[in-house]
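Here's the letter readout for the chains.
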Amino acid sequence: MINFKNIIAQKIAKEVELDAKEIEGFIEVPPNEEMGDYAFPCFKLAKVLKKAPPAIATELKEKITTDENIEKIEIVGGYLNFYINKKVLTKTVLEELDKKQENFGTYNSGDGKTVLVEFSSPNIAKPFHIGHLRTTIIGNSLYKIYKFMGYNSISINHLGDYGTQFGKLIEGYKRWGSEYNIDENPIEELMKIYIRINDLCKEDESVLDACRENFRLLEEGDPYCKNLWEKFRDVSLQEFNRIYDLLGVKFDSIKGEASYANSWGEVVDILEKAGKLTESEGAKIVDLEEQGKGVCMITKSNGSTIYATRDLAAIRYRAKTYDFDKCLYVVAYEQALHFRQIFEVAKYLDIPKKCQKGLEHVQYGMVRLSTGKMSTREGNVVKVEDLLNESIDRVKKVIEEKNADMENKEEEAKKIGIGAVIFNNLCTTIIKDQVFDWDTVLNFNGETGPYIQYIYVRTKSVLEKAGYIPNIDEINVNVLQDKQSLNVIKTLYKFGEILEAVVQKNEPSILARYLIDLAGSYSNFYNENKIIDEDKNVQNARVYLSKSVGTVLKTGASLLGIEMPNRM
């Protein structure tokens with residue numbers, strides 16, 4: 001597809017003898033379409049050329065010629081504004097769509113690069129709460145987008161399956177296990193045991209000592225403790241997998257903290273030999289005060305490991321196994337200090353520098369409900385499975401009221417209900433805290449998942465009414481030069497740039513907002529233009545544009561983890 005920005009940058013670079021790539025990075029889209037399609041801010045050259053921006057703009061305009069791609073150049077203050085040939089734009093977009101179909105938008109910029117995306121990572125024997133829903137949705141989207149852009153993208157579920165809490169759980173099960181049926185309702189029953197033993201530990205220090213001893217035995221491979229721990233892990237995974245199935249999430253690797261048990265000692269030895277470990281009240285630490293990152297504890301005073309040790313062992317394993325270019329940790333912003341510390345300590349490990357540099361913490365904000373109705377007895381944990389099922393049920397009620405004869409109601413309600421929850425998590429900058437509100441999430445007219453799905457279904461309806469999809473050589477681009485059609489074309493053209501921006505910023509909301517823009521531009525086009533027309537030229541062009549929008553909406557939604565319904 002023609003890269004108009006690059007063409008403009010090459011023209012400017014030729015006259016000022018600067019790098020075209022650098023110039024391309026300065027080129028902007030004007031706030032008003034009447035001011036052109038692209039604008040170059042000449043003040044970026046003021047220091048180099050030692051001239052005022054308007055004077056630079058005047059000189060450049062005199063030197064740069066228009067061609068079949070650029071039809072007009074104008075000066076607005078210190079900006080040089082470029083108007084691209086709309087017919088060439090229309091032709092290049094539609095031909096690229098015809099050629100790539102559902103792969104439209106990929107630049108294969110990730111060829112030869114490996115990115116690991118760690119997300120979800122729930123603690124076994126604990127509820128899959130709404131915080132895990134956010135990391136799962138955000139991480140799954142990033143994983144899919146990186147893969148689409150040509151990266152060797154690998155999804156990792158790093159289970160929280162180790163730590164003192166399991167010593168407590170083992171102790172509780174020893175004492176009261178026969179009172180609870182963990183096979184029937186594992187997470188809730190294990191939580192009851194955990195709360196009960198935790199309360200007892202607060203009352204009796206000797207019970208806490210017994211719990212610590214259980215964890216020590218678990219670390220040493222005691223058969224009884226290990227068998228119990230494996231049982232807790234297995235029943236927890238069964239519960240989690242039900243949620244992953246609802247969300248359509250799959251992992252390339254599911255490994256818990258315990259998987260790195262054999263290499264924790266190696267991490268400690270490496271840091272010891274590097275002279276980075278010091279002792280503090282019996283614990284071993286890495287002092288990062290000089291870097292402004294505090295103190296990173298590596299082992300406790302009793303020799304037990306902590307999260308940091310296990311994360312460092314995982315980094316080392318991943319570097320040696322995958323030789324990654326990027327390793328993304330999709331974890332709430334509350335863990336920012338932890339990741340700053342372990343990324344700093346990872347510089348002392350025996351891993352390639354590119355792996356050290358590729359460690360990134362993708363931070364996200366909290367989700368809060370506008371009402372506490374769906375909170376569990378703890379008061380601050382929302383059952384994700386209940387949330388997803390309620391969303392589906394609410395959609396079913398809407399379908400029964402408005403389209404009771406719809407085919408495959410259950411299947412379509414699931415796509416819409418889950419799509420609504422996913423989009424609600426991704427439609428704003430992920431670092432922001434969110435308030436979850438049903439009326440907003442399931443609004444078919446607002447900037448929501450159901451709205452995008454509704455517009456997609458509309459494009460399908462157009463194709464069904466037409467009864468055919470025209471060939472690309474039957475499309476007369478002259479028909480698509482009205483304002484509404486061109487807005488759709490321009491929005492389609494930006495799809496690849498949008499995906500590149502997501503990868504650069506690890507921000508799926510950029511794609512979510514784009515899909516809203518595309519749906520909105522098509523809605524305006526649909527309302528202002530008669531698509532099924534007596535003039536075959538007109539009909540062919542507008543049907544093909546409808547088909548193109550449907551393709552990109554479906555591709556974009558799937559990259560967010562959303563399935564498109566066939567009916568609404």
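Source: prediction; values computed, not measured.

Focus: the packing of helix α9 (residues 205–219) against helix α10 (residues 223–247)
Interaxial distance between α9 and α10 falls to 8 Å at its minimum, and their mutual angle equals 90 degrees. One finds that α9 runs roughly perpendicular with respect to α10. In this structure, α9 contributes N214, L217 and L218 to the contact, and α10 contributes C225, K226 and W229. Across the contact of α9 with α10, the residue classes tally to 4 nonpolar, 1 polar and 1 charged.

A few points about the pairing of strand β4 (residues 114–118)
Taken across its 5 residues, β4 has 5 buried, putting it largely inside the fold. Residues T114, L116 and E118 of β4 are buried on one face, and the alternating residues V115 and V117, pointing to the opposite face, are buried as well. The pairing of β4 with strand β5 (residues 152–159) spans 5 bridges and is parallel. In the sheet register, T114 faces β5, and the bridge partner there is N152. Following the chain from β4 across helix α6 (residues 130–148) to the adjacent parallel β5, one finds a crossover that is right-handed. Relative to strand β10 (residues 326–332), β4 runs parallel, the two sharing 4 bridges. The residue bridging E118 from the neighbouring strand is Y329, located in β10.

Focus on the packing of α6 against helix α22 (residues 536–560)
Put simply, α6 and α22 touch, their axes get as near as 7 Å, and they point 130 degrees apart. As judged from the angle between their axes, α6 and α22 are oblique. The segment α6 lies against α22, with S141, K144, I145 and F148 engaging T555, S558, L559 and L560.

Here we look at the sheet that holds β4
Within a sheet, neighbouring strands are paired by backbone hydrogen bonds and run either parallel or antiparallel to one another. The parallel open sheet is built from 5 strands, whose spatial order is β6-β5-β4-β10-β11. Taken across any chain shown, the strands that pair with only one partner, and hence form the sheet edges, are β6 (253–256) and β11 (359–364). Direction aside, the axes of adjacent strands within the sheet are offset by 25 degrees on average. Along the sheet, helix α12 (residues 307–322) contacts β4, β5, β6, β10 and β11; its crossing angle with β5, the most-contacted strand, is approximately 155 degrees. In the packing of helix α13 (residues 336–345) onto the sheet, the strands contacted are β10 and β11, and the crossing angle to β11 comes to about 175 degrees.

Some details on the confidence of the model for the chain
A low pLDDT score tells you not to read the predicted coordinates there in detail. Per-residue confidence for the chain averages 92 on the pLDDT scale, and 97% of its residues sit at or above 70. Ignoring residues within four places in sequence, the model shows residues 372–380, a span with pLDDT below 50, making 14 contacts including any to other chains.

What counts, and where the lines are drawn
Residues numbered from 1 in each chain as written. Predicted model: local features only at pLDDT ≥ 70, side-chain atom pairs only at ≥ 80, totals over all residues. Heavy atoms only, no water. Axes fitted to C-alpha atoms, helices over the stretch in contact; angles between N-to-C directions. Helix = DSSP H or I, 4+ residues; strand = E, 2+ residues; numbered from the N terminus. Parallel < 35°, antiparallel > 145°, perpendicular 65-115°, else oblique. Contact = heavy atoms within 4.5 Å. Nonpolar A, V, L, I, M, F, W, Y, C, P; charged D, E, K, R; others polar. Buried < 20%, exposed > 50% of the residue type's maximum accessible area, 1.4 Å probe, protein only. Pairing = 2+ DSSP bridges. Right-handed = clockwise from strand over helix to strand, strands pointing away. pLDDT = per-residue confidence, 0-100.

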